Amino acid sequence: MKLFMTSSPGGSACTDGRWTAAPFDCANGFLNGFRKACRGETDCLILSSDPSNIKMGDEMQSFFKEAFFHSGMSIARVDVCDRRDMKAADRLCCYGLLILAGGHVPTQNAFFQEIRLQEKIRRYAGVVLGISAGTMNCAEIVYAQPEEPGEAVNPYYVRYMQGLGLTHVNVLPHFQNVKGARLDGLRVLEDISLPDSRVRPFYGLPDGSWLYREDGHTTLHGEAWLLEAGTCIRICGDGESREVEDEQ
């Protein structure tokens, strides 16, 4: 398996306030690496983060078709695994590329548990692209930082759950938005992220940075921070790369 873990892979552009499909992000060599891994014509399956949101599934399907085209990638077919076709998870081997969509981490995690994706994806030998929530759910033990109003102060909100087991690395995506952000009256970085890093360390990954795992090795590309034991340290810069520990 070739695993790409991103905060956001790009694929969109905003012109005069209107979002349109565009090539995937070239920053830190992502597009070149992704295109090389997917070389040759293949089919793609998008695994939803909100399987009951059919409109979102249709929009993702249309968006990725255009993004692949603009990126010069030969993707013959794009299917979506949601409530309309949950059995698509039984046909993973028919697809050369799986996309684990972004969205709400616990909602996607519950769907993955429902379709028993952890068990099925172990035998998969193609390319997997995790995006935001999809990246977070790749971990063996998922860290689902509160993100929606009410979650940070809800004593019953579950921050740690069983994931797909594709990596031991925990990622906090869109890290460029964390500093200065507030949720439920709390400072996201100081009052949520840093205290939670005393339980499990995780990597703050801004858009444009990514991790790649293959043959037991995980490499970080681009700017990133390590949050561990209540501290936040910048460990990699834009345009740089380094191997990271991916074991417990």
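Residues numbered from 1 in each chain as written. Predicted model: local features only at pLDDT ≥ 70, side-chain atom pairs only at ≥ 80, totals over all residues. Heavy atoms only, no water.

## Comments concerning the overall build of the protein
The helix and strand inventory of the protein stands at six helices and 18 strands. Whereas a compact globule of 248 residues would reach a radius of gyration of roughly 18 Å, the protein reaches 17 Å, a difference of no more than 12%. Principal axes of the C-alpha set define a box for the protein whose edges measure 45 × 45 × 40 Å. When contacts within the protein are restricted to residue pairs at least 6 apart in sequence, long-range pairs at least 24 apart make up 72% of them. Just so you have it, the protein exposes about 11600 Å², and 48% of that area is on carbon and sulfur atoms. Averaging the coordinates of the 25 positive side-chain charges in the protein and doing the same for the 33 negative ones gives two points 3 Å apart. (Helix = DSSP H or I, 4+ residues; strand = E, 2+ residues; numbered from the N terminus. Rg over C-alpha atoms; globule rule 2.2 N^0.38 Å. Contact = heavy atoms within 4.5 Å. Areas by Shrake-Rupley, 256 points an atom, 1.4 Å probe, with all protein chains shown as cover. Lys, Arg positive; Asp, Glu negative; His and termini not counted. Charge placed at Lys NZ, Arg CZ, Asp CG, Glu CD.)

## As for the side chain of Ser-49
When you line up the elements, Ser-49 lands in the loop between strand S4 (42-47) and helix H2 (54-70). The exposure class assigned to Ser-49 is buried, which follows from its relative accessible area of 2%. Apart from residues no more than four positions distant in its own chain, Ser-49 is found in contact with Met-56, Ala-101, Gly-102, Gly-103, His-104, Thr-107 and Gln-108. (Buried < 20%, exposed > 50% of the residue type's maximum accessible area, 1.4 Å probe, protein only.)

## What to know about the pattern of salt bridges
The tally for this structure, following the rule as stated, stands at 11 salt bridges. For the salt bridge of Asp-90 with Lys-120, the shortest nitrogen-to-oxygen distance reads 2.6 Å. Taken as a pair, Asp-90 in the loop between strand S5 (75-81) and strand S6 (97-100) and Lys-120 in helix H4 (residues 117-121) lie far apart in primary sequence, 30 residues in all. Counted as one network, the salt bridges with shared partners bring together Asp-58, Asp-82 and Arg-84. (Salt bridge = Lys/Arg side-chain N within 4 Å of Asp/Glu carboxyl O.)

## Details of the environment of Glu-151
With respect to the element layout, Glu-151 can be found in the loop between strand S8 (141-143) and strand S9 (160-162). With 33 residues separating them in the primary sequence, Glu-151 and Asp-184 have C-alpha atoms 7.9 Å apart. Once residues lying within four places of it in the same chain are set aside, the contact partners of Glu-151 are His-104, Pro-146, Tyr-157 and Asp-184. Engagement of the side chain of Glu-151 in a polar contact is seen with the side chain of His-104, the distance being 2.7 Å. (Polar contact = N/O pair within 3.5 Å; in protein donor to acceptor, adjacent residues only side chain to side chain.)

## Section: unusual backbone geometry
One can expect most non-glycine residues to show negative phi and most peptide bonds to be in trans. Despite not being glycine, Arg-116 shows a phi value in the positive range, around 55 degrees. Within the secondary structure, Arg-116 sits in the loop between helix H3 (105-114) and H4. In this model, Asp-184 sits at a positive phi of 55 degrees, which is unusual for a non-glycine residue. Within the fold, Asp-184 resides in the loop between strand S11 (182-183) and strand S12 (186-187).

## Describing the packing of aromatic side chains
If you walk through the whole model with that rule in mind, you get 15 aromatic pairs. Between Phe-4 and Phe-30, the aromatic rings sit 5.9 Å apart at their centres with planes inclined by 90 degrees, giving edge-to-face as the arrangement. Placement of Phe-4 in strand S1 (residues 2-6) and of Phe-30 in helix H1 (residues 30-37) is noted, with a sequence separation of 26 residues between them. In this structure, Phe-4 and Phe-30 share a single accessibility class: buried. Ring plane angle 85 degrees and centroid distance 5.6 Å describe the contact between Phe-24 and Phe-34, whose orientation is recorded as edge-to-face. Note that Phe-24 is positioned in strand S3 (residues 18-24) and Phe-34 in helix H1, a separation of 10 residues in sequence. (Phe/Tyr/Trp six-rings, centres within 6.5 Å; stacked < 30°, edge-to-face > 60°.)

## Examining the sheet that holds S5
Overall, mixed pairing links the eight strands, which are arranged S5-S4-S6-S7-S1-S14-S15-S18 in an open sheet. Each edge of the open sheet carries a strand with a single partner, namely S5 and strand S18 (241-244). The sheet shows a mean angle of 20 degrees between the axes of neighbouring strands, taken without regard to direction. Relative to S5, S4 is paired through six bridges, and the arrangement is parallel. Within S5, the residue paired with Leu-45 across the bridge is Asp-79. Running at roughly 150 degrees to S1, H1 makes contact with S1, S6, strand S7 (127-131) and strand S14 (210-214) of the sheet. Each of S4, S5, S6 and S7 touches H2; the most contacted strand, S5, lies at about 160 degrees to it. (Pairing = 2+ DSSP bridges. Axes fitted to C-alpha atoms, helices over the stretch in contact; angles between N-to-C directions.)

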